[in-house]
Amino acid sequence: MLAGLFNSKPVLDSGSSEWILDTFAWALEHFELNVFKADTQLILPTNDFYPGKVSSISEMAQSVFDKTLAYAGMQHWPVQLVQPQYYQQQNLPKLSFAGAVRGKGSTPVIAGDINGQQNILISYNPNQINQPQDLIASYAQSLSAVLIMQQGHLPPGGQEFMPQAVDLVACFMGFGVMLANTAYQFKGGCGSCYNPRANREVALPEQEMLYCLALFSVLKAIPAKTVLGQLKPHLKGTYKKAYKELMQKVKHSPNPALLAAVN
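Below or above, wherever it landed, is the structure these notes cover.

Reading the values: the criteria
Residues numbered from 1 in each chain as written. Predicted model: local features only at pLDDT ≥ 70, side-chain atom pairs only at ≥ 80, totals over all residues. Heavy atoms only, no water. Helix = DSSP H or I, 4+ residues; strand = E, 2+ residues; numbered from the N terminus. Axes fitted to C-alpha atoms, helices over the stretch in contact; angles between N-to-C directions. Parallel < 35°, antiparallel > 145°, perpendicular 65-115°, else oblique. Left-handed = near helix turned anticlockwise from the far one by under 90°. Contact = heavy atoms within 4.5 Å. Nonpolar A, V, L, I, M, F, W, Y, C, P; charged D, E, K, R; others polar. Buried < 20%, exposed > 50% of the residue type's maximum accessible area, 1.4 Å probe, protein only. Lys, Arg positive; Asp, Glu negative; His and termini not counted. Salt bridge = Lys/Arg side-chain N within 4 Å of Asp/Glu carboxyl O. Polar contact = N/O pair within 3.5 Å; in protein donor to acceptor, adjacent residues only side chain to side chain.

### What about unusual backbone geometry?
If you check the backbone angles, Glu-32 has positive phi at about 75° while not being a glycine. Examined against the element boundaries, Glu-32 turns out to sit in the loop between α2 (14–30) and α3 (33–38). Phi angles above zero are rare outside glycine, and Ala-221 is one such case at about 55°. Position of Ala-221 relative to the elements: it lies in the loop between α7 (206–219) and α8 (224–228).

### Description of the packing of α2 against α7
One can describe the packing of α2 onto α7 by two numbers: an axis separation of 10 Å at closest approach and a directional angle of 50°. It follows from the interaxial angle that α2 and α7 lie oblique. Note on packing geometry: the crossing formed by α2 with α7 is right-handed. Counting all contacts with α2, which are made through Ser-16, Ser-17, Ile-20, Leu-21, Phe-24 and Leu-28, the residues of α7 involved are Glu-208, Tyr-211, Cys-212, Leu-215, Phe-216 and Leu-219. Residue composition of the contact of α2 with α7, by class: nine nonpolar, two polar and one charged.

### A short note on the side chain of Asp-134
Within the secondary structure, Asp-134 is located in helix α5 (residues 132–151). No salt bridge is formed by the buried Asp-134; the nearest opposite charge belongs to Arg-200, separated by 5.2 Å. At a separation of 2.9 Å, a polar atom in the side chain of Asp-134 contacts the side chain of Gln-131.

### What to know about the pattern of salt bridges
This structure, assessed with the given rule, holds two salt bridges. A salt bridge links Lys-249 to Glu-18; the shortest N-O distance between them is 3.9 Å. Here Glu-18 lies in helix α2 and Lys-249 lies in helix α9 (residues 236–251), a separation of 231 residues in the sequence. Given a relative accessible area of 38%, Glu-18 falls into the partly exposed group. Where Glu-245 meets Lys-249, a salt bridge forms, and the shortest distance between an N and an O atom there is 3.9 Å. In this pair, Glu-245 and Lys-249 both sit in helix α9, four residues apart, roughly one turn of the helix. Judged by its relative accessible area of 17%, Glu-245 is buried. Put simply, Glu-18, Glu-245 and Lys-249 are held in one network by salt bridges that share partners.

This is how it looks when you write it as structure tokens:
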């Protein structure tokens, strides 16, 4: 009985935690395990990852996009950032891959586009320019959605779980800190401090996103303190608990994809 008093409650219910573990394994199987192990970084909202000075909103948007595209391992994809006023919804062109899907060896081309004049178009929310973590997270979500749709593999749970899978794959590509920090926007304080139009779309809420981030860190052997220094204060306790829980889960996991990521 006494032992039971000291058993901490899991961060998530079993269904949610298992879906995250299974979907991370799905991402490892379909979106380049080798790139995840060798090249994927934990991207932080710092000048080390997003350096440089810009002179305009469009220049900043492009600079952040270019760096995010490279960190995602999609720098060779025919993806173009379009200013919001010129963006038009498009049918997503179909890519063909001669080699890797992501990473330095990835050279996808749009089927039937002989002259290389077509591109996959992505835009941005100009309200996010003063909220760079939201901007980076939104870019990561857009790239994640393109990646998933091009590969055509449904996540665990099927089409119904696509929005959540988009958030998870964005974390899988290294952007979990920004996704966690922007999963919830505090609406208190002075009116000028809160702009609801600048918030990004959220499918995985804070607890689940912190769990994804902790799983990423465990698989990449990133010390908890590296992440804790970049998280909003109210997120740190949950992250530490999730990290500790996942250290044990991954160690004893029967899932071959998760084990391959740490070996």
